[in-house]
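Residue strings, one per chain:
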There are 2 protein chains.
Amino acid sequence: MKIGQLAKTVDLDIQTLRYYESQGLINEPQRLENGYRDYPQNSVERLRFIKKAKLVGFTLKEIKDLLAIQVTKDEHTCQEVKNFTQIKLDEINQKINELSEIKAALQKIHTSCCGGEETAAHCSILQALEN
Amino acid sequence: MKIGQLAKTVDLDIQTLRYYESQGLINEPQRLENGYRDYPQNSVERLRFIKKAKLVGFTLKEIKDLLAIQVTKDEHTCQEVKNFTQIKLDEINQKINELSEIKAALQKIHTSCCGGEETAAHCSILQALEN
DNA sequence: TTAAACCCTAAAGTGTACTAGAGGGTCAAA
DNA sequence: TTTGACCCTCTAGTACACTTTAGGGTTTAA
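Reading the values: rules and limits
Residues numbered from 1 in each chain as written. Chains lettered and ligands numbered in written order. Predicted model: local features only at pLDDT ≥ 70, side-chain atom pairs only at ≥ 80, totals over all residues. Heavy atoms only, no water. Least-squares fit on C-alpha atoms with pLDDT ≥ 70 in both. Contact = heavy atoms within 4.5 Å. Buried area = accessible area lost by both parts, 1.4 Å probe. Salt bridge = Lys/Arg side-chain N within 4 Å of Asp/Glu carboxyl O. Polar contact = N/O pair within 3.5 Å; in protein donor to acceptor, adjacent residues only side chain to side chain. Helix = DSSP H or I, 4+ residues; strand = E, 2+ residues; numbered from the N terminus. Buried < 20%, exposed > 50% of the residue type's maximum accessible area, 1.4 Å probe, protein only.

1. What about the relation of the copies chain A and chain B?
And then number 1: With an axial shift of 0.0 Å and an RMSD of 0.1 Å, the rotation relating chain A to chain B amounts to 180 degrees. Put plainly, the chains are arranged around a two-fold axis. When C-alpha positions in chain A are compared against the rotation axis, the closest is assigned to Gly57 of chain A, at 2.0 Å.
And then number 2: Comparing contact sets, 100% of the residues at the interface of chain A also lie at the interface in chain B, consistent with an isologous, same-surface contact.

2. Looking at the interface of chain A and chain B
And then number 1: Every contact between the two is made by 53 residues of chain A and, on the other side, 53 residues of chain B.
And then number 2: Here chain A packs against chain B, burying approximately 4,900 Å² in sum over the two surfaces, 73% of which is carbon and sulfur.
And then number 3: Along the contact surface separating chain A from chain B lie two salt bridges.
And then number 4: Notably, a salt bridge pairs Glu101 of chain B with Lys52 of chain A, separated by 2.5 Å at the nearest N-O pair.
And then number 5: Along the contact surface separating chain A from chain B lie 16 residue pairs in polar contact (both at pLDDT 80 or more).
And then number 6: Mapped onto the side of chain A that touches chain B, the elements with two or more residues apiece are α3 (43-55), α4 (60-67), α5 (75-112) and α6 (125-129) of chain A.
And then number 7: If you tally residues by element for the side of chain A that touches chain B, the top one is α5 of chain A, at 25 residues.

3. Re the pattern of salt bridges
And then number 1: What the rule picks out here adds up to ten salt bridges over all chains.
And then number 2: Its salt-bridge partner being Arg37 of chain A, residue Glu21 of chain A comes within 2.8 Å of it at the nearest N-O pair. A residue pair is termed long-range when its members are at least 10 positions apart, and Glu21 of chain A in helix α2 (residues 14-22) and Arg37 of chain A in strand β2 (residues 37-38) qualify at 16 residues. By the burial criterion, Glu21 of chain A is buried, and Arg37 of chain A matches it.
And then number 3: Glu62 of chain B is the salt-bridge partner of Lys88 of chain B, the closest N and O atoms lying 3.9 Å from each other. Of this pair, Lys88 of chain B sits in helix α5 (residues 75-112) while Glu62 of chain B sits in helix α4 (residues 60-67), placing them 26 residues apart in sequence.

Structure representation (C-alpha cells):
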C-alpha cells in the first residue's frame, strides 16, 4: 500500500506519516523499485491506535512506549512490562475519572438548560461541578 | 491570595498562571496597592478544572469554551449552549471509549504477563487489542 | 540595612507536533 | 508526449503551550 492510499485510509496526511516514521512511531516500510514506500496492511491498525491514544492526551513519546510493550520469556523484561502497564493503567483510570466528572457537569447543564422556567440561569461548568 | 501561594496550591508555576491570564483562561485578578495580583479563592477550582481538562486532551482554546458556558434566560443562547454541550458530550464519550479500549488491552497484557508458562510471549498492545 | 524571597513587565527561547515549500523523479491516461 | 496525479528528500516555517531571561520594584526576617 502506497503512502497516499494509507493516508486516506487512516485520515492523516502524507507528511504526518513520514513524520511519524522519522520519530520511530511506525517502522520504515519496504520500498518499491521506484523508491516509493510500500506499507503492510497492519500499518492501518498501528496508526489508528496512535490516533486513539493522541485523542486522549498521550504524547507521541508515550505512544511510542505503549507500542513498544513486548512481553518475552525474559523475567526481567516481564517485570518491567508489568510495572509499566500498571503505571499506564493508573494514568488511564485517572483520565477516565476526570472525563467522567466533566461529563457529569456537562450533562447537568445539558439537562437543566431549557428545562423549564429559569432553573438554569447563569449555570456554568464550574457551578455544575459543585454538586 | 498572591500568585506564589496560588501556584503552590494548584501545582502550576507562576509564569503559567500569568500565561493563562494572558490567554483569557482566568480573569485578571484585583491588584494590591503595590501592583501584586490578588486572586479570589475560586481561582483554585478554575485552575483545577483547567488541569483536568488538559490531562484528557482538551486544548486551552477548548477549555476556554467550556469555561465560557453560561445558560441564561435568552432562548437563543440556551439553544446554543445545548448544542455545544451535546457536541462536547459526544467528544467525551468518544474519549472514554478510546481510553476503555486502551485500558482493556493494557489489562490483558498486565494479567497475562508472568501469569504462567509462556502464555504472554511477544504480546504487544496491538495484539492485545485484537480480541 | 541588607539579603533572601517575593512580585512586576516585556520579550526571547524551547519542545512538540506538525505543515508547507523547493526542487525534483515516476506513472498512467489522453 | 505531455499533463496531472502521484511519489521522493531536505529544509524551513507554524501553532501551541509553556519557560527563560533581562531588568526591575517590594517585603520581611536577621
